[in-house]
Amino acid sequence: TQLLEQSPQFLSIQEGENLTVYCNSSSVFSSLQWYRQEPGEGPVLLVTVVTGGEVKKLKRLTFQFGDARKDSSLHITAAQPGDTGLYLCAGVDNDMRFGAGTRLTVKP
Amino acid sequence: DAGITQSPRHKVTETGTPVTLRCHQTENHRYMYWYRQDPGHGLRLIHYSYGVKDTDKGEVSDGYSVSRSKTEDFLLTLESATSSQTSVYFCAISKPWLAGRYEQFFGPGTRLTVL
């Protein structure tokens, strides 16, 4: 059973477009983390959000934690080929559970 | 960079053979983890350790054992490898972040193929 559902599973866009990917759960988490993973490498932590309704910005990436702390979104503005990768969310409570990821391809 | 290395990076083995994967960290973190990553499943926790000789099972521990005789090394052993254990294996450590909160950092992974 996947506690964290990520959508879409795959996304292919052109350079310069905006996009949003989602991480949804029926469970409440004390915090939620987003990672980016490139082929042949381990996931790299991008951000941790802890407060319901929290918004964090990391250059062109905007992360939002839902008010009820059950869901999160990642918005990328003006995507670049360097944003290509697998984006994983992970919900943290007593343990840590990962979603299956959104595989993003940004074409030049 | 959390100073995590994994060895080997790639391994091909045959069904029924024992396999040991090694995770080494240089920053003396207490918590270490082993995950496997498979398409459609994300990362799933196999075992974790909260100190030398202190380990516990994760979500998918059947067929795997671990050992931690030194703070810096966490070993994952497949006693008798099966084809269903073909996967990419990641080691991770936890670093304290805010009070009572931790963030995980991952090694580069080991791709294991069981024929």
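For the structure given in this document, a descriptive report is provided here. As the structure is a computational prediction, the values presented were derived from the model and not from experiment. (Residues numbered from 1 in each chain as written. Chains lettered and ligands numbered in written order. Predicted model: local features only at pLDDT ≥ 70, side-chain atom pairs only at ≥ 80, totals over all residues. Heavy atoms only, no water.)

**Observations concerning the sheet that holds strand S7 (residues 64-70) of chain B**
Residues and elements named next belong to chain B.
For step 1, the next point in the chain: Across the sheet, 4 strands lie side by side as S1-S3-S8-S7; this open sheet has antiparallel pairing. Sheet topology places strand S1 (4-7) and S7 at the edges, where each strand pairs with a single neighbour. The mean inter-strand angle of the sheet, taken between neighbouring strand axes irrespective of direction, is 20 degrees.
For step 2, the next point in the chain: Across 5 bridges, the pairing between S7 and strand S8 (residues 73-78) is antiparallel. For serine 65, the partnering residue across the bridge sits in S8 and is threonine 77. (Pairing = 2+ DSSP bridges. Helix = DSSP H or I, 4+ residues; strand = E, 2+ residues; numbered from the N terminus. Axes fitted to C-alpha atoms, helices over the stretch in contact; angles between N-to-C directions.)

**Focus: the interface of chain A and chain B**
For step 1, the next point in the chain: Between chain A and chain B, the contact holds 21 residues from the first and 18 residues from the second.
For step 2, the next point in the chain: For the pairing of chain A and chain B, the buried interface totals around 1,400 Å² over both sides, and the portion due to carbon and sulfur atoms is 54%.
For step 3, the next point in the chain: Linking chain A with chain B are 1 salt bridge, by the criterion used here.
For step 4, the next point in the chain: Across the pair arginine 97 of chain A and glutamate 59 of chain B runs a salt bridge, and its minimum N-O distance is 3.8 Å.
For step 5, the next point in the chain: In this structure, the connection of chain A to chain B is made through 5 residue pairs in polar contact (both at pLDDT 80 or more).
For step 6, the next point in the chain: Counting residues per element, the ones that place at least two in the side of chain A that touches chain B are strand S4 (31-37), strand S5 (44-49), strand S9 (85-92) and strand S10 (96-98) of chain A.
For step 7, the next point in the chain: Across the side of chain A that touches chain B, the residue classes tally to 9 nonpolar, 9 polar and 3 charged. (Contact = heavy atoms within 4.5 Å. Buried area = accessible area lost by both parts, 1.4 Å probe. Salt bridge = Lys/Arg side-chain N within 4 Å of Asp/Glu carboxyl O. Polar contact = N/O pair within 3.5 Å; in protein donor to acceptor, adjacent residues only side chain to side chain. Nonpolar A, V, L, I, M, F, W, Y, C, P; charged D, E, K, R; others polar.)

**What to know about the packing of aromatic side chains**
To describe a pair of aromatic rings, you give the distance between the ring centres and the angle between the ring planes.
For step 1, the next point in the chain: What the rule picks out here adds up to 12 aromatic pairs over all chains.
For step 2, the next point in the chain: Ring centres of phenylalanine 98 of chain A and tyrosine 35 of chain B lie 5.5 Å apart, and the angle between their planes is 85 degrees; on these two criteria the pair is classed as edge-to-face. Of this pair, phenylalanine 98 of chain A sits in strand S10 while tyrosine 35 of chain B sits in strand S4 (residues 32-38), on two different chains. When sorted by exposure, phenylalanine 98 of chain A lands in the same class as tyrosine 35 of chain B, which is buried.
For step 3, the next point in the chain: Considering the side-chain rings of tyrosine 31 of chain B and tyrosine 33 of chain B, the 6.4 Å spacing of their centres and the 20 degrees angle between planes classify their relative orientation as stacked.
For step 4, the next point in the chain: For tyrosine 31 of chain B, a relative accessible area of 25% puts it in the partly exposed group.
For step 5, the next point in the chain: Taken together through their ring pairs, the aromatic side chains of Tyr35 and Phe98 of chain A together with Tyr31, Tyr33, Tyr35, Tyr48, Tyr50, Tyr102 and Phe106 of chain B make up a single cluster.
For step 6, the next point in the chain: Across from the ring centre of phenylalanine 105 of chain B, 5.0 Å away, lies the NZ or CZ of lysine 95 of chain B, which sits over that ring. (Phe/Tyr/Trp six-rings, centres within 6.5 Å; stacked < 30°, edge-to-face > 60°. Buried < 20%, exposed > 50% of the residue type's maximum accessible area, 1.4 Å probe, protein only. Lys NZ or Arg CZ within 6 Å of the ring centre and 35° of its normal.)

**Re the nonpolar core**
Residue and element names in this part refer to chain A.
For step 1, the next point in the chain: Leu19, Leu32, Trp34, Phe63, Leu74, Ile76 and Leu104 are the most contacted members of the largest nonpolar core, which has 21 residues in total.
For step 2, the next point in the chain: Contributing elements (two or more residues each) for this core: strand S3 (19-25), S4, S5, strand S7 (61-65), strand S8 (71-76), S9 and strand S11 (102-107).
For step 3, the next point in the chain: When near neighbours in sequence (up to four residues on either side) are disregarded, leucine 32 contacts Cys23, Val47, Thr48, Val49, Phe65, Ser72, Cys89 and Ala90. (Core = buried A, V, L, I, M, F, W, Y, C linked by side-chain atoms within 4.5 Å.)

**Quick look at the sheet that holds S8 of chain A**
Residue and element names in this part refer to chain A.
For step 1, the next point in the chain: The sheet built from 5 strands is open, its strands ordered S1-S3-S8-S7-S6 with antiparallel pairing. Each edge of the open sheet is held by one strand with a lone partner, namely strand S1 (4-7) and strand S6 (55-58). Strand-to-strand twist across the sheet, computed as the mean angle between neighbouring axes with direction ignored, equals 15 degrees.
For step 2, the next point in the chain: Here 4 bridges tie S6 to S7, and the two strands are oriented antiparallel to one another.

Worth remembering: the numbers are spatial, not functional.
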